[in-house]
Amino acid sequence: MSSQERIRDVDLQAARDAALAIAEEADEISLRHFRGGVEPVAKADGSPVTVADRDVEALVRRRLAEQFPDHALLGEEQGGRLDSSQPTWVIDPIDATKNFMRGIPVYATLISLVVDGEPMVGVASAPAMGERWDAARRLGTRRNGKPVQVSGITELGDAHVLHGGLDWFRKRPQDWALLGELADRAWRTRGFGDFWMHLLVAGGMADVAVERDLRPWDIAAVACIVTEAGGRLTGWDGGSALATGQALSTNAHLHAEMLTLLSKTSADLG
């Protein structure tokens, strides 16, 4: 089956609605743990994981397997892979786990359907913030059920630029130089990080968000949400963010200029 045939074979509206219903259940689990307090443990790579991460992913996997038995699954906690031969659901049970475990409400469950490397459905549900965003190819992006779109800002000097934090800028002189140039040229820079900064771009509250060292489950859902809101989300080289682990989301107007800036530091990231 060709790429276009695989895409046509998926009812994206039904997939989006199913993901939204599953997110509702997932929110009940994450909120229960969030309000009751969580004790994280370290994974093999040193990153934290909580019981909530595992419980939410188990629930989402179970529901998706029931409703889409022919689709593949990839999740942060239980693994899997992006399967080019079949639609793949990509799950981040708790994005921003460090926020979650410190009682900061900026966390979300991310659910996405990827077909032939393209995120076709995206749901980001942040229950402690009262936020649920969703998108599907050619169906637009919604925030709490209402359509949203990116900003019309066309000049970097007028742009609100968000980044993933100072920790990875401080590693090399050229990275500090990039951050300094962004701070000098943009209207405002802030380090929101994680899923939330990309949603702010999708909703027009910010104009650029940039980060790296990501995995597919960090990117897939927000990529669909930004794109369907009229923006762009790519890697720093302009290609697939899923392939590179680098994410640049913009309102589309500023994308080419940002790619030029990022090319100064991304060439030797490896």
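These numbers were taken from a predicted model, which means no experiment stands behind them.

(A) Inspection of the sheet that holds strand S5 (residues 88-95) at higher detail. Here we have eight strands laid out as an open sheet, ordered S4-S3-S5-S6-S7-S8-S9-S10, and mixed in their pairing. In this open sheet, the two strands that pair with only one neighbour each are strand S4 (79-80) and strand S10 (146-148). Looking at chain direction, strand S6 (residues 108-115) and strand S7 (residues 118-126) are connected through seven bridges and run antiparallel. Considered in S7, the bridge of threonine 109 is made with serine 125. Sheet strands in contact with helix H3 (residues 51-67) are strand S3 (72-75), S4, S5 and S6, and its direction is about 155 degrees off that of S5. Against the sheet, helix H6 (residues 194-202) touches S5, S6, S7, strand S8 (131-136), strand S9 (140-143) and S10, its axis set at about 65 degrees to S8.

(B) Main features of the sheet that holds strand S14 (residues 232-234). Across the sheet, five strands lie side by side as S12-S11-S13-S15-S14; this open sheet has mixed pairing. The open sheet is flanked by strand S12 (188-190) and S14, the only strands paired with a single partner. Here the strands of the sheet are splayed against their neighbours by 15 degrees on average, with no regard to which way each runs. Direction of pairing for strand S13 (residues 208-211) relative to strand S15 (residues 247-250): antiparallel, over a ladder of four bridges. Opposite alanine 209, over in S15, you have serine 249 as the bridge partner. Together, strand S11 (160-163), S13, S14 and S15 form the strand contacts of H6, whose direction differs from that of S13 by roughly 155 degrees. Docked against the sheet, helix H7 (residues 216-228) engages S14 and S15, running at close to 150 degrees with respect to S14.

(C) Inspection of the environment of histidine 160 at higher detail. Residue placement: histidine 160 occurs in strand S11. In sequence terms histidine 160 and glutamate 28 are 132 residues apart; their C-alpha atoms lie 33 Å from each other. The contact partners of histidine 160, leaving out residues within four places of it in the chain, are Trp187, Arg188, Arg190, Phe192, Met205, Ala206, Asp207 and Val208. In terms of polar contacts, histidine 160 uses its side chain to reach the backbone carbonyl oxygen of methionine 205, at 3.3 Å.

(D) How the structure looks around the pattern of salt bridges. Tallied over the full model, the rule gives 16 salt bridges. In this structure, arginine 132 engages glutamate 24 in a salt bridge whose closest nitrogen and oxygen atoms are separated by 2.7 Å. Of this pair, arginine 132 sits in strand S8 while glutamate 24 is found in helix H2 (residues 12-36), placing the two residues 108 residues apart along the sequence. With a closest N to O distance of 3.3 Å, arginine 212 and aspartate 175 form a salt bridge. Here arginine 212, found in the loop between S13 and H7, pairs with aspartate 175, found in helix H5 (residues 173-185); they are 37 residues apart in sequence, far enough to count as distant.

Procedures and definitions
Residues numbered from 1 in each chain as written. Predicted model: local features only at pLDDT ≥ 70, side-chain atom pairs only at ≥ 80, totals over all residues. Heavy atoms only, no water. Pairing = 2+ DSSP bridges. Helix = DSSP H or I, 4+ residues; strand = E, 2+ residues; numbered from the N terminus. Contact = heavy atoms within 4.5 Å. Axes fitted to C-alpha atoms, helices over the stretch in contact; angles between N-to-C directions. Polar contact = N/O pair within 3.5 Å; in protein donor to acceptor, adjacent residues only side chain to side chain. Salt bridge = Lys/Arg side-chain N within 4 Å of Asp/Glu carboxyl O.

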